[in-house]
Amino acid sequence: MAHGHKTDEKIVYVGDSRVRSKSSRMIPQDFSAYPGKSEVFIPNFLLKEWMVGVVVLVGFLALVMSEAAPLGYPADPTNTQIIPMPDWYFLFMYQLLKYPYTSNQFVVLGTVGVPGILFGALMLAPFLDTGKERRFYKRPIASALMFLSLTAVTYLTYTSWHHYQLELKEKNVIPEHIKREEEMHANKGKAGGEGSGGAKKPAAQAAAIVAPDDPAAAIYQKSTCLSCHGGELKGMPSAKIPALRGVGDKHSKDEILGIIKKGQGSMPAQYDANISKGLTEADIDKLADWLAKQKASK
């Protein structure tokens, strides 16, 4: 061990700190007995798989950064018009749970039994299929099961999305993330127009409730209208539920009665539901008359 910078100082090695140089070259292993295999798994094969995984991951990150995730409105438990849908990669399971043999009293089979069998078979596949052949067309059983699984998942995913689109058309519902995106674009346009010239217009003042002491106001508090339009008749703008303040400026008493009996847009008929809550036909008539009085001009 040297303690100085003198050239004639004696150097003493503690142990053998010198590394031997290898004179022989590494000879690749012979994989001729294993068709389709031509390299060692670690690190040669695994390193290439990792590199492919990194490229795919970078692609996903680029997509995430370039396209913002769609956002709906804050959760609203009173919004009965929303159609719940899972993420795209769970659509096949969502569709599977709609069938009679995987729902209701068989729901355990649909949520635990079928997925358990599928994922259990996937985990046992390396132990059940022990052949040395790697080409898929020479492994008919494993390949057939793979194509069958892909076909089933593709069919269930497409069917689930197709039913969702039909339900949107039937109920005349626009998905919340599309509504919110349209509102954002509309607000940007308004902001640009306001900035380009002139002062901002003052916000319109909400109409007051007309005849709040009328007996029909108590009937309203018992009706089904309360759950969506609120006790203050303000509605829920975030869920596109209009306020009933000023509704008399848009609809007459007879029109309001027609809406209660037949529904309008995404709102279903409410006549039978109000009767089941204990309201009479006379009560509904008084309610429609009171709502027709809700005018902003008064």
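Residues numbered from 1 in each chain as written. Predicted model: local features only at pLDDT ≥ 70, side-chain atom pairs only at ≥ 80, totals over all residues. Heavy atoms only, no water.

A. Summary view of the overall build of the protein chain. Summing up its helical and strand segments, the protein chain has 10 helices and zero strands in all. The secondary structure elements of the protein chain, listed N-terminal to C-terminal, are α-α-α-α-α-α-α-α-α-α. Looking at the protein chain as a whole, 20% of its 298 residues qualify as buried. Within the protein chain, contacts between residues at least 6 apart in sequence are counted, and of these 62% link residues at least 24 apart. Here the protein chain displays about 23200 Å² of accessible surface, and carbon together with sulfur accounts for 64% of that area. (Helix = DSSP H or I, 4+ residues; strand = E, 2+ residues; numbered from the N terminus. Buried < 20%, exposed > 50% of the residue type's maximum accessible area, 1.4 Å probe, protein only. Contact = heavy atoms within 4.5 Å. Areas by Shrake-Rupley, 256 points an atom, 1.4 Å probe, with all protein chains shown as cover.)

B. Representation of the side chain of Ser-160 within the structure. Inspection of the secondary structure assignment puts Ser-160 in helix H4 (residues 140–171). Once residues within four sequence positions are removed from consideration, Ser-160 is found in contact with Met-85, Leu-91, Tyr-94, Gln-95 and Lys-98.

C. Just helix H10 (residues 281–292), in detail. The end-to-end C-alpha distance of H10, which contains 12 residues, comes to 17 Å, matching closely the 16 Å that a straight helix rising 1.5 Å per residue would cover. What H10 keeps buried is the set Ile-284, Leu-287, Ala-288, Trp-290, Leu-291 and Ala-292. Of the surrounding secondary structure, the elements contacted by the buried residues of H10 are helix H6 (215–222), helix H7 (225–229), helix H8 (253–262) and helix H9 (271–276). (Expected span 1.5 Å × (residues − 1).)

D. A look at helix H3 (residues 107–128). Here H3 is 22 residues long and its end C-alpha atoms lie 29 Å apart, about the 32 Å a rise of 1.5 Å per residue gives. Taking the largest bend as the criterion, H3 deviates by roughly 35°, centred on Leu-122, and proline Pro-126 comes between one and four positions later. (Bend = angle between axes of the 7 residues up to and from the residue.)

E. The arrangement of unusual backbone geometry in detail. Here Asn-172, not a glycine, exhibits a phi torsion of approximately 55°, which is positive. Inspection of the secondary structure assignment puts Asn-172 in the loop between H4 and helix H5 (176–196). Of note in the backbone geometry, Leu-233 takes a positive phi value of approximately 60° without being a glycine. Accessibility expressed as a relative area gives 1% for Leu-233, which makes it buried.

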